[in-house]
Amino acid sequence: MFFNQLLEFLEKGESGVERYSILSNPEITSAASLEHAKENEISFLEKGSYLINQFDKTNASALILPDQESLIQKAVSKNISWVAVQDPRIGFAEILEKLYPGFIPIREIHKSAIIGDNVELGKNISVGANVCIESGSKIDDFTIIYPGVVIYNNVHIGKYNILHANAVIHPNSKLGDECVVHSNAVIGSEGFGFVPTKKGWKKMPQTGIVVLENNVEIGCGTTIDRPSVGQTLIKSGTKIDNLVQIGHGVTVGRDCAMASQVGIAGGATIGDGVILAGQVGVANRVKVGANVIASSKCGIHTDIEAGQTISGFPAISNKLWLRCAANFKKLPEIAKALRKLNQ
Amino acid sequence: MFFNQLLEFLEKGESGVERYSILSNPEITSAASLEHAKENEISFLEKGSYLINQFDKTNASALILPDQESLIQKAVSKNISWVAVQDPRIGFAEILEKLYPGFIPIREIHKSAIIGDNVELGKNISVGANVCIESGSKIDDFTIIYPGVVIYNNVHIGKYNILHANAVIHPNSKLGDECVVHSNAVIGSEGFGFVPTKKGWKKMPQTGIVVLENNVEIGCGTTIDRPSVGQTLIKSGTKIDNLVQIGHGVTVGRDCAMASQVGIAGGATIGDGVILAGQVGVANRVKVGANVIASSKCGIHTDIEAGQTISGFPAISNKLWLRCAANFKKLPEIAKALRKLNQ
Amino acid sequence: MFFNQLLEFLEKGESGVERYSILSNPEITSAASLEHAKENEISFLEKGSYLINQFDKTNASALILPDQESLIQKAVSKNISWVAVQDPRIGFAEILEKLYPGFIPIREIHKSAIIGDNVELGKNISVGANVCIESGSKIDDFTIIYPGVVIYNNVHIGKYNILHANAVIHPNSKLGDECVVHSNAVIGSEGFGFVPTKKGWKKMPQTGIVVLENNVEIGCGTTIDRPSVGQTLIKSGTKIDNLVQIGHGVTVGRDCAMASQVGIAGGATIGDGVILAGQVGVANRVKVGANVIASSKCGIHTDIEAGQTISGFPAISNKLWLRCAANFKKLPEIAKALRKLNQ
């Protein structure tokens, strides 16, 4: 594909094309990061990116840039075709979609798949090898189910879902449209509910369900438990990374992002647009307000108001935490100074 | 089912029924939490529960209550049928068992299951689609194995076990009776044992086994490793949540509870009745005494005496930690005050 | 096998045999730890090991010891056959290999395996029940694939690999020779790359690949993501424990060791010989120098120079951290002393 063809494609997209120069209109065969790009490859640079120091060395044939004169001049001086856009990262995502259209499995029910009684299968779906769909479940049109997936009974999977290999969906779970469940994720397993009795732990039956709305993404090995009654709910547009635990009865708002190894304990409520970095923990029944950002390893034990940026354990405002953490390193000095004063 | 029938059932159970009032004897079709309960639904309230403020708004037709006059009066004034018990949570668990008897898969060996040589299968067991049981393994009566489970060779699974979809049980593992292994859990995999040599890491062969006693529950994605020699042992009644790591050669006592994402390093010993909250870590060979409670994200690096409640990293008494954490937030002030004094 | 036969075997190995005494040349049928060893069992003791206090009670018939006169005298006085070596742990590993030769599955393609078009299968490989290998993939000689493994399209698995049950390998991944992928691990899944837009999170296509060089080991449930462009690379000899997350575009050096539940965020670079203890986190794009050792739960947010031993969050030198942590416990006293001074 030539650079001018990619430009045409970008102009139909969301990146906000401002201006460009085709120069020699190179053929673009693939994409790469600025430091690894070779001839006939396209790359991108974001405003203020740490990669700016790779610019002089890049061998890319074309670049997606923010609309900054100095960068454009650099591209021109290196004879690199360029396009300046409002959001280079969106532009790069669109170019990757164009250059790498992705593998679409054959739309068939593999002969080794085991389909239970009263299962309803939509049109143009793909069911891979050794998939097992138990009785009463329903799979809507255009959904792709990769090999080894197990779907228990009475599950409803909407349209255009992708379920990756060996994922497991437990009874009565409901997935909306355009969700992605990655390999080995488990949706709708029994919540960890046990009641202490004189004879030991008694299981609280977990009769509720898990609901994923639309356009939700669940990472590899991530586990989302169902509650004793009611539902565990992940609202539309939320993206969850690998090895995350979502406890029973949790509600997660719209368009949240959770990095790997986050753990949300039972009954917590996470507002819309919340971002949780890696290894964050949220305690039982805590309410985290909309658009809260929690930095990595943060431990959230009390309700957090909307819009806060928080850090540490127990979580405090990120600003305060940075100052506390800086002083933590000085604790031996502080203790020493105090001893001196007390002599 | 009508409320009086549920009462009869409760009176045979463990919740400790004290008194009740049937009132209009409503039909009870399902159960829900206090805030979500609708007509013909039963709910419960625990002593001192934060849900007390939902009482006035509830639409439940029946309630399981602690034996407190004020609560009973409230129920009566709202014309809600009620039963007062010693432990409402146990009562609710029993009611859920009654109302939702649970799905029992067909007792058959699915035709797609692959059963190795010299496998012994008990009576009334259920082996799901695409299950693989390798040679020399033995499955006792009434055990249920869901689709996609892989059981390596010479495993012994006791009676009334439930193995959920895509779980993996490695060679020579022994499971007692009435255990539950949730989806994608891995029991008996090789411990992480490597010896540093001049040529790099040399694998220490992991020739030991994993033993789960009776009534043990292992969460989704949880991994329990076998040791180089001897055994990794989880004693009866212990419940382990999702995505927990139990290292090689660990011993976990009876009736413990471990929340999600706990990690126990090799050779540690956990006493009876220990409770570890989410994301707790226990270091190599540490001994944690009976009935210790560790709060979330706690890092346990040294032996802990029985009965302690601990927090923080490194773990200290919870009481002390709460005071330290409160002062951590004041570190910038403390440093400032000290600078002032030193001027 | 008799003790003299094991000695012959040890002398060909890497443990560095110094001297020995066969005494009654006992038959050795198995191996055990010092405290659990019974008659006809062999055990070992390392220099300075905490197990020294078990020596007097051991019932082992033979011991691998460091070359220390006092230990040898003890063995002689208890009539235990002994061999003194430079590295007893290596010696014990070699003896375990000899005594427990390990289960080798039959070299066959199980009739239930699903093999796609244009799949190349090497000689003497073993493909277990219900394995699925998608089109275009290539498996080299002597590789063992256990039941339930799913290999997507265009994957290349080298020689002498072992893939345990229900592991998943995503498209275009490349594994070198002699790697081990444990049960339920996921290699090459889509990186967690989303671009914020006015309409919510837009997926950044993940068109890169994951490369494992030779002799790499990946724990159960561990997830290794592929990047948007380029590769995620794990270099030769590196060993990764269970439930670890390796983000997209990470490079891990040679001969590293990572304990369970470590998380490495996207784009980080880990040098050769790095050791990360349990639950350590490494932030986006951070560079960790060669031979760094990070203690458990450490949070690494900034580049770390080679050779450091670090602890805490944010990570500081282990020496400083130990002093800070000791003072953290005294914060209530420090605050009190300061209040007193200010009166």
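Cut-offs and rules
- Residues numbered from 1 in each chain as written.
- Chains lettered and ligands numbered in written order.
- Predicted model: local features only at pLDDT ≥ 70, side-chain atom pairs only at ≥ 80, totals over all residues.
- Heavy atoms only, no water.
- Helix = DSSP H or I, 4+ residues; strand = E, 2+ residues; numbered from the N terminus.
- Buried < 20%, exposed > 50% of the residue type's maximum accessible area, 1.4 Å probe, protein only.
- Contact = heavy atoms within 4.5 Å.
- Areas by Shrake-Rupley, 256 points an atom, 1.4 Å probe, with all protein chains shown as cover.
- Lys, Arg positive; Asp, Glu negative; His and termini not counted.
- Charge placed at Lys NZ, Arg CZ, Asp CG, Glu CD.
- Salt bridge = Lys/Arg side-chain N within 4 Å of Asp/Glu carboxyl O.
- Buried area = accessible area lost by both parts, 1.4 Å probe.
- Nonpolar A, V, L, I, M, F, W, Y, C, P; charged D, E, K, R; others polar.
- Pairing = 2+ DSSP bridges.
- Patch = residues over 30% accessible without salt bridge, like charges linked within 9 Å, V, L, I, M, F, W, Y side chains within 5 Å.
- Domains from an automatic or database assignment.
- Least-squares fit on C-alpha atoms with pLDDT ≥ 70 in both.
- Phe/Tyr/Trp six-rings, centres within 6.5 Å; stacked < 30°, edge-to-face > 60°.
- pLDDT = per-residue confidence, 0-100.
- Axes fitted to C-alpha atoms, helices over the stretch in contact; angles between N-to-C directions.
- Parallel < 35°, antiparallel > 145°, perpendicular 65-115°, else oblique.
- Left-handed = near helix turned anticlockwise from the far one by under 90°.
- Polar contact = N/O pair within 3.5 Å; in protein donor to acceptor, adjacent residues only side chain to side chain.

A tally of regular secondary structure across chain A gives 5 helices and 37 strands. Across its three principal directions, the C-alpha atoms of chain A cover 85 × 80 × 30 Å. Out of the 343 residues belonging to chain A, those deemed buried represent 59%. Here the contacts in chain A between residues at least 6 apart in sequence split such that 21% fall between residues at least 24 apart. Here chain A has roughly 13,500 Å² of accessible surface; of this, 48% comes from carbon and sulfur atoms. Taking the average location of the 33 positive side-chain charges in chain A and that of its 33 negative ones, the two points are 12 Å from each other.

On to the pattern of salt bridges, then. Evaluated as defined, the whole model comprises 31 salt bridges over all chains. The salt bridge involving Asp140(A) is made with Lys138(A); its shortest N-O contact spans 3.1 Å. Note on Asp140(A): relative accessible area 14%, which makes it buried. Between Asp67(B) and Arg19(B) there is a salt bridge, with its nearest N and O atoms 2.8 Å apart. Residue Asp67(B) is located in the loop between β4 (62-66) and α2 (69-77), and its partner Arg19(B) is located in strand β1 (residues 17-21); the two are separated by 48 residues in the primary sequence. Using a relative accessible area of 35% as the deciding quantity, one classes Asp67(B) as partly exposed. On the accessibility criterion, Arg19(B) (32% relative accessible area) is partly exposed.

This part takes up the interface of chain C and chain A. Taken together, the contacts link 65 residues of chain C with 57 residues of chain A. Carbon and sulfur atoms supply 67% of the area buried between chain C and chain A, which totals about 4,700 Å² over both sides. Viewed at the interface, chain A and chain C are joined by 3 salt bridges. In this structure, Lys199(C) engages Glu14(A) in a salt bridge whose closest nitrogen and oxygen atoms are separated by 3.0 Å. Among the secondary structure elements, those contributing two or more residues to the side of chain C that touches chain A are β18 (186-190), β19 (194-197), β20 (200-203), β23 (223-226), α4 (318-328) and α5 (331-341) of chain C. The biggest single contributor to the side of chain C that touches chain A is α4(C), with 7 residues. Per-class residue counts for the side of chain C that touches chain A are 35 nonpolar, 21 polar and 9 charged.

Turning to the pairing of β4(B), a few remarks are in order. All names here are of chain B. Counting buried residues in β4 gives 5 out of 5 residues, a clear majority hidden from the surface. Burial along β4 is two-sided: the residues Ala62, Ile64 and Pro66 and Leu63 and Leu65 are all buried. Judged from the 3 bridges that link them, strand β3 (residues 41-44) and β4 form a sheet pairing that is parallel. Looking across to β4, one finds that Ile42 is bridged to Ala62. Note: β4 against strand β5 (residues 81-85), 5 bridges, orientation parallel. From the neighbouring strand, Pro66 faces β5, where its bridge partner is Val85.

Residues other than glycine predominantly adopt negative phi, and peptide bonds predominantly adopt the trans conformation. The amide bond that connects Phe313(B) to the next residue, Pro314(B), takes the cis arrangement and shows omega of 0°. With respect to the secondary-structure elements, Pro314(B) resides in the loop between β36 (309-311) and β37 (316-317). Of note, the phi angle at Asn166(B) is positive, near 65°, even though the residue is not glycine. Relative to the helices and strands, Asn166(B) resides in the loop between β14 (162-163) and β15 (168-169). Residue classification places Asn166(B) among the buried residues on the basis of a relative accessible area of 2%. Here Asn154(C), not a glycine, exhibits a phi torsion of approximately 60°, which is positive. Position of Asn154(C) relative to the elements: it lies in the loop between β12 (150-151) and β13 (156-157). Looking at Asn154(C), the relative accessible area reads 39%, which means it is partly exposed.

Among the surface-exposed residues, Ile109(A), Ile115(A) and Leu121(A) lie close enough to one another that they form a single nonpolar patch of about 210 Å² accessible area. Mapped onto the elements, Ile115(A) comes out in strand β6 (residues 114-115).

Partitioning chain A into domains gives domain 1 (3-99), domain 2 (114-249) and domain 3 (267-343). Here the C-alpha centre of domain 2 of chain A lies 40 Å away from the C-alpha centre of domain 1 of chain A.

When chain C is fitted to chain A, the residual RMSD is 0.1 Å, and the transformation amounts to a turn of 120° plus an axial shift of 0.0 Å. Look at the turn and shift together and you get a three-fold axis relating the two.

Another aspect to go through is the packing of aromatic side chains. Two aromatic rings are characterised by how far apart their centres lie and by the angle between their planes. On inspection of all chains with the given rule, the structure shows 18 aromatic pairs over all chains. Summarising the aromatic geometry, the rings of Phe142(A) and Tyr160(A) are spaced 4.8 Å apart at their centres and angled 0° between planes, so their arrangement reads as stacked. One end of the pair, Phe142(A), is in the loop between β10 (138-139) and β11 (144-145); the other, Tyr160(A), is in the loop between β13 (156-157) and β14 (162-163), with 18 residues separating them in the sequence. Residue Tyr160(A) is classed as partly exposed on the basis of its relative accessible area of 45%. Seen from their ring centres, Phe192(A) and Phe194(A) are 5.2 Å apart, and the 75° between their planes marks the pair as edge-to-face. An aromatic cluster of three or more residues is present, and its members are Phe328(A), Phe328(B) and Phe328(C).

Once that is clear, we can look at the environment of Val85(C). Relative to the assigned elements, Val85(C) resides in strand β5 (residues 81-85). When near neighbours in sequence (up to four residues on either side) are disregarded, Val85(C) contacts Ser15(C), Gly16(C), Val17(C), Glu18(C), Ile64(C), Leu65(C), Pro66(C) and Asp67(C).

With 100% of its residues at a pLDDT of 70 or more, chain A shows a mean pLDDT of 96. The ipTM value of the predicted complex is 0.95, and its pTM value is 0.96.

Let's shift gears to a positive patch on the surface. Taken together, the side chains of Arg323(A), Lys329(A), Lys330(A), Lys336(B), Arg339(B) and Lys340(B) define a basic patch exposed on the protein surface. In terms of residues, the positive patch owes the most to one element, helix α5 (residues 331-342) of chain B, which gives 3 residues. Tracing the backbone shows Lys329(A) in the loop between α4 (318-328) and α5 (331-341). For Lys329(A), a relative accessible area of 40% translates into the label partly exposed.

Residue and element names in this part refer to chain A. Taken N-terminus to C-terminus, the directions of helix α1 (residues 3-11) and helix α3 (residues 88-99) make an angle of 120°; their axes are 10 Å apart at the nearest point. Comparing their axes, α3 and α1 come out oblique. In the packing of α1 onto α3, the handedness of the crossing is right-handed. Counted together, Leu6, Phe9 and Leu10 of α1 and Gly91, Glu94, Ile95, Lys98 and Leu99 of α3 form the full contact between these two elements. When the residues that make up the contact of α1 with α3 are grouped by side-chain class, the tally is 5 nonpolar, 1 polar and 2 charged.

Below, the discussion takes up the interface of chain A and chain B. Counting from both sides, the interface comprises 65 residues of chain A and, opposite them, 57 residues of chain B. Counting the surface lost from both chain A and chain B, the interface buries some 4,700 Å², and carbon and sulfur atoms represent 68% of this. Where chain A meets chain B, there are 3 salt bridges. Inspection of the chain A/chain B interface yields 23 residue pairs in polar contact (both at pLDDT 80 or more). Ranked by residues supplied to the side of chain A that touches chain B, first place goes to α4(A) with 7 residues.

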